[in-house]
Amino acid sequence: MDHAVTAAQFSWNDARRWLDGLPGGAGLNIAYEAVDRHLLHGRGDKVAIRWIGKSGERQEFTYTDLAQATNQFANALHDLGVMPGERVFVLMGRLPELYVAVLGALKARCVVTPLFSAFGPEPIVTRAEMGDARVLVTTPELYQRKIRDVRERLPGLKHVIVVGAAPSDEPGVHPWGVLVSPASTRYTIGHTDPESMALLHFTSGTTGRPKGAVHVHEAVLAHVVTGRYALDLHDDDVFWCTADPGWVTGTSYGIIAPLVCGVTNVVVEAEFDPQTWYGVLERERITVWYTAPTAIRMMMKLGAEALQGVDLSALRFMASVGEPLNPEAVVWGLKAFGRPFHDNWWQTETGGIMVSNYAAMDIKPGSMGKPLPGITAAVVRRLADGHVEPIEAPDVDGELALKTPWPSMMRGYLHEDERYRKCFADGWYLTGDLAHRDADGYYWFVGRADDVIKSAGHLIGPFEVESALMEHPAVAEAGVIGIPDPMAGEVVKAFVALKPGFEAGETLRRELLGHARKRLGAAVAPKQIEFRDNLPKTRSGKIMRRLLKARELGLPEGDLSTLESDEKKGAP
Ligand code: AMP
């Protein structure tokens, strides 16, 4: 694809030719586009999902198998009396049932919320409460460890479907084998309004609770376009996205886009381990690979030698997302894999890839690439009156903005209209990321405009971490920031001031680390805790994370006019 030509000729309406729509004009349903329609196009016997388990076991599901299994799940929801629009939460590792549950629930026109299985009980309860979870699909082990004790806090959660043996005597807990396996393999998807809610993805903000980004079935148009343009998916591809479906990349590109494009989607249950991963690339003859900078940095640490003798002849295209991809990583990729990693950029709110280095384009290492055909991007300046002004000059930093609307744009933050409205001005969606555009039209990531933390590709809200720390009886105040880390990009660090009568020391530090880990889970909990007598605050009492960070990293402290006056004197 020539980017300039394609972008000039592109129209979202023309791109609809890549989708079928429900038979009889019954609307647009993501799961129908991802699964059922392929049976009508002669792809029924093609492998849709090839699952590689932790011990190397393999299971294959053709598009026909997947159509039948997802029909069973949709029927099971119906049998439970679950209605269209109700929320089905999924909490489990990358097991085949996860994929069946997500697609089956979409067929039933339920709203799917995938949760990260490494979340602790607090992030789970917060999201399930906010999102009004009606059904939870999980494993017996995760149920015991994370749900059982908090279930009474979720009165709206009527059904738990467990993949495996159900713990006995638990009301509303249904083993998959009893509920789903015997259900009929025939199901007709009901009329699906393209603008009806399909996915609810929680993402973190600087303040307050996480935000529930609402996505609709129409988003599938962006998934097919980005699958073809940004990931270069073609009919014969064998695709592997390493992201977990608990995060948006693992859903949009670990489930939906590859299946909508009709390729074979490889799912690997194991976390990063060079032998497993390189083995998958070789044995499965992966042609298109979508991974992330943290994993690439781990591979770089091991060195290109670890790849010696690995047959990568099938590998055609490699892409990366989620965090800044250092130029060295692109160069290293070229040396180690014989091909570069193509960086691309998007976020939960955009629903799909928005800026990308395309297969047919020269890569500038360190750049996120150019806007997707159909997407108008700009670097803008926010003005005092609430308006924004695009910055025309190249190489000037500002906020990355996208012209509204596009098919996969979030349609709201659940129950938070004001917060949603604040993301838009003058027909632009404001991303909260700082960037600049060079004279050739390539975009370069500069940083976040807010306090959210990106650790190993996962977005973490400081407020959620601070709240968990504050629940500990010893903690008077907590301020949480991200500090640079050579492997994870950033790690979470907490500054804590104690209540009178508690003594700062190693024992308490360990206790607080353990407390946070138990509440939040390993992926979200702080890795470091430092005690302070007091924390810098604004006059209105808000902890100034920006200042904590500047002091931690030895950066300029910036404007201190709102800082509480005794803080200025007593600053550590
Ligand atoms: P999430 O919503 O969890 O997918 O996180 C989105 C955020 O991740 C973006 O707003 C960026 O801050 C960051 N991000 C995603 N892709 C890239 C990239 N290619 N380069 C730099 N930062 C990225």
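Since the structure is predicted, the reported quantities are computational estimates derived from the model, not experimental observations.

Chemist: Got a minute to help me understand the overall build of the chain in this structure?
Modeler: In terms of helices and strands, the chain carries 18 helices and 28 strands. Taking 2.2 N^0.38 as the reference for a compact globule, 572 residues should give roughly 25 Å; the C-alpha atoms of the chain span a radius of gyration of 24 Å, in line with that estimate. Across its three principal directions, the C-alpha atoms of the chain cover 75 × 65 × 55 Å. Looking at the 572 residues of the chain, the share that counts as buried comes to 60%. If you take every contact in the chain between residues at least 6 apart in sequence, the share linking residues at least 24 apart comes to 68%. With the model as given, the accessible surface of the chain reaches about 22500 Å², and the carbon-plus-sulfur share is 52%.

Chemist: I'm lost on the UniProt feature "domain: AMP-dependent synthetase/ligase" (unreviewed entry) in the chain in this one. Help?
Modeler: Residues given the UniProt feature "domain: AMP-dependent synthetase/ligase" (unreviewed entry) here are residues 42–414. Along residues 42–414, the helical share is 28% and the strand share 24%, with 39 Å between the first and last C-alpha atoms.

Chemist: So what exactly am I meant to see when it comes to the packing of aromatic side chains here?
Modeler: Aromatic ring pairs: the centre-centre distance and the angle between the two ring planes describe each pair. By the definition in use, this model includes 22 aromatic pairs. Aromatic pair F424 and Y429: ring centres 5.5 Å apart, planes at 55°, arrangement tilted. We classify F424 as partly exposed; its relative accessible area is 23%. On the accessibility criterion, Y429 (3% relative accessible area) is buried. Through pairs of rings, three or more aromatic residues link up here, namely W240, F272, W277, Y278, W289, W332, F337 and F341. The ring centre of W18 lies 4.8 Å from the NZ or CZ of R17, which sits over that ring. The lysine or arginine in question, R228, covers the ring of W18, its NZ or CZ lying 5.0 Å from the ring centre.

Chemist: Explain the nonpolar core here, please?
Modeler: Grouped burial of nonpolar side chains is what soluble globular proteins tend to show. Ranked by internal contacts, the top residues of the largest apolar core, which has 149 residues, are F73, L77, V137, I161 and Y290. Residues within four places of L77 in sequence aside, it is in contact with V82, V88, A105, A108, C110, V135 and I161. Formed by 29 residues, the second largest nonpolar core is a distinct cluster that contains V238, W240, L312 and F341.

Chemist: Honestly, the sheet that holds strand β26 (residues 475–485) in this entry has me stumped. Any pointers?
Modeler: To summarise the sheet geometry, strands pair through backbone hydrogen bonds and adopt either a parallel or an antiparallel arrangement. Strand order in the open sheet made by the three strands is β26-β27-β28, with mixed pairing throughout. Every other strand in the sheet has two partners, leaving β26 and β28 (528–531) as the edge strands with one partner each. When strand polarity is set aside, the average angle formed by the axes of neighbouring strands in this sheet is 25°. Summarising the sheet, strand β27 (residues 489–498) and β28 pair through four bridges and their orientation is parallel. Along β28, the bridge assignment pairs A494 with I529. This element, helix α16 (residues 506–520), spans β26, β27 and β28 of the sheet and lies at about 135° to β28. Against the sheet, helix α17 (residues 545–553) makes contact with β26, β27 and β28, and its axis sits at roughly 55° relative to β26, the strand it touches most.

Chemist: Sorry, what's going on with the site of the ligand here?
Modeler: Neighbouring the ligand are 18 residues, the closest being D343, N344, Q347, T348 and R448. One of the side-chain N or O atoms of Q347 is found 2.8 Å from an oxygen atom in the ligand. One of the side-chain nitrogen or oxygen atoms of D433 is found 2.9 Å away from an oxygen atom of the ligand. Counting residues per element, the ones that place at least two in the shell around the ligand are β14 (341–345) and β23 (443–448). The element that contributes the greatest number of residues to the shell around the ligand is β14, accounting for three residues. Residue composition of the shell around the ligand, by class: eight nonpolar, five polar and five charged.

Chemist: What should I look at first to understand the packing of helix α3 (residues 30–40) against helix α10 (residues 248–260) in this one?
Modeler: Two packed helices can be described by the angle between their axes and the distance between those axes. Across the interface, α3 lies against α10 with an axial gap of 8 Å and an inter-helix angle of 50°. It follows that α3 is oblique to α10 by the angle criterion. Between α3 and α10 lies a crossing whose hand is left-handed. Two secondary-structure elements touch here, α3 through I30, E33, A34, R37 and H38 and α10 through I256, L259 and V260. Looking at the contact of α3 with α10, its residues break down into five nonpolar, one polar and two charged.

Chemist: Even after reading the chapter, I still don't get the UniProt feature "domain: AMP-binding enzyme C-terminal" (unreviewed entry) in the chain, so can you show me in this structure?
Modeler: The sites that carry the UniProt feature "domain: AMP-binding enzyme C-terminal" (unreviewed entry) are, in the present numbering, residues 464–542. The span residues 464–542 is 28% helix and 32% strand, and its two end C-alpha atoms sit 15 Å from each other.

Chemist: Sorry if this is basic, but what is going on with the sheet that holds strand β16 (residues 370–371) here?
Modeler: One open sheet accounts for nine strands, arranged β2-β1-β11-β10-β12-β13-β14-β15-β16; its pairing is mixed. Where the open sheet ends on each side, the last strands, each with one partner, are β2 (58–62) and β16. Here strand β1 (residues 47–52) runs beside β2; their pairing, made up of five bridges, is antiparallel. Paired with W51 across the bridge in β2 is Q59. Sitting on the sheet, helix α4 (residues 63–79) touches β1 and β2, and the angle it makes with β2 is about 85°.

Chemist: Sorry if this is basic, but what is going on with the side chain of H215 here?
Modeler: Tracing the chain through its elements places H215 in strand β9 (residues 211–216). Within the structure, H215 has its side chain in polar contact with the backbone oxygen of T348 (distance 2.8 Å).

Chemist: I would appreciate a short explanation of unusual backbone geometry in the present structure.
Modeler: Backbone geometry follows two general trends: most residues other than glycine have a negative phi, and most peptide bonds adopt the trans configuration. Along the chain, T404 connects to P405 via a cis peptide bond; the corresponding omega equals -10°. Relative to the helices and strands, P405 resides in the loop between β19 (398–403) and β20 (412–413). Unlike most non-glycine residues, H415 shows phi in positive territory, near 60°.

Chemist: When you look at the pattern of salt bridges in this model, what are you seeing that I'm missing?
Modeler: If the charged atoms of two oppositely charged side chains come close together, the side chains can form a pair. All chains considered together, the criterion is met by 42 salt bridges. The residue R58 makes a salt bridge to E284 at a minimum N-O spacing of 2.7 Å. One end of the pair, R58, is in strand β2; the other, E284, is in the loop between α11 (274–283) and β12 (288–291), and 226 residues separate them in sequence. Note that K537 and E477 form a salt bridge whose closest N and O atoms lie 2.8 Å from each other. A residue pair is termed long-range when its members are at least 10 positions apart, and K537 in the loop between β28 and α17 and E477 in strand β26 qualify at 60 residues. Ionic contacts of the salt-bridge type, sharing partners, join the residues R50, R58, E60 and E284 into one network.

What counts as what
- Residues numbered from 1 in each chain as written.
- Predicted model: local features only at pLDDT ≥ 70, side-chain atom pairs only at ≥ 80, totals over all residues.
- Heavy atoms only, no water.
- Helix = DSSP H or I, 4+ residues; strand = E, 2+ residues; numbered from the N terminus.
- Rg over C-alpha atoms; globule rule 2.2 N^0.38 Å.
- Buried < 20%, exposed > 50% of the residue type's maximum accessible area, 1.4 Å probe, protein only.
- Contact = heavy atoms within 4.5 Å.
- Areas by Shrake-Rupley, 256 points an atom, 1.4 Å probe, with all protein chains shown as cover.
- UniProt positions renumbered as here; feature names shortened; annotations may be inferred.
- Phe/Tyr/Trp six-rings, centres within 6.5 Å; stacked < 30°, edge-to-face > 60°.
- Lys NZ or Arg CZ within 6 Å of the ring centre and 35° of its normal.
- Core = buried A, V, L, I, M, F, W, Y, C linked by side-chain atoms within 4.5 Å.
- Pairing = 2+ DSSP bridges.
- Axes fitted to C-alpha atoms, helices over the stretch in contact; angles between N-to-C directions.
- Near = heavy atom within 4 Å.
- Polar contact = N/O pair within 3.5 Å; in protein donor to acceptor, adjacent residues only side chain to side chain.
- Nonpolar A, V, L, I, M, F, W, Y, C, P; charged D, E, K, R; others polar.
- Parallel < 35°, antiparallel > 145°, perpendicular 65-115°, else oblique.
- Left-handed = near helix turned anticlockwise from the far one by under 90°.
- Salt bridge = Lys/Arg side-chain N within 4 Å of Asp/Glu carboxyl O.

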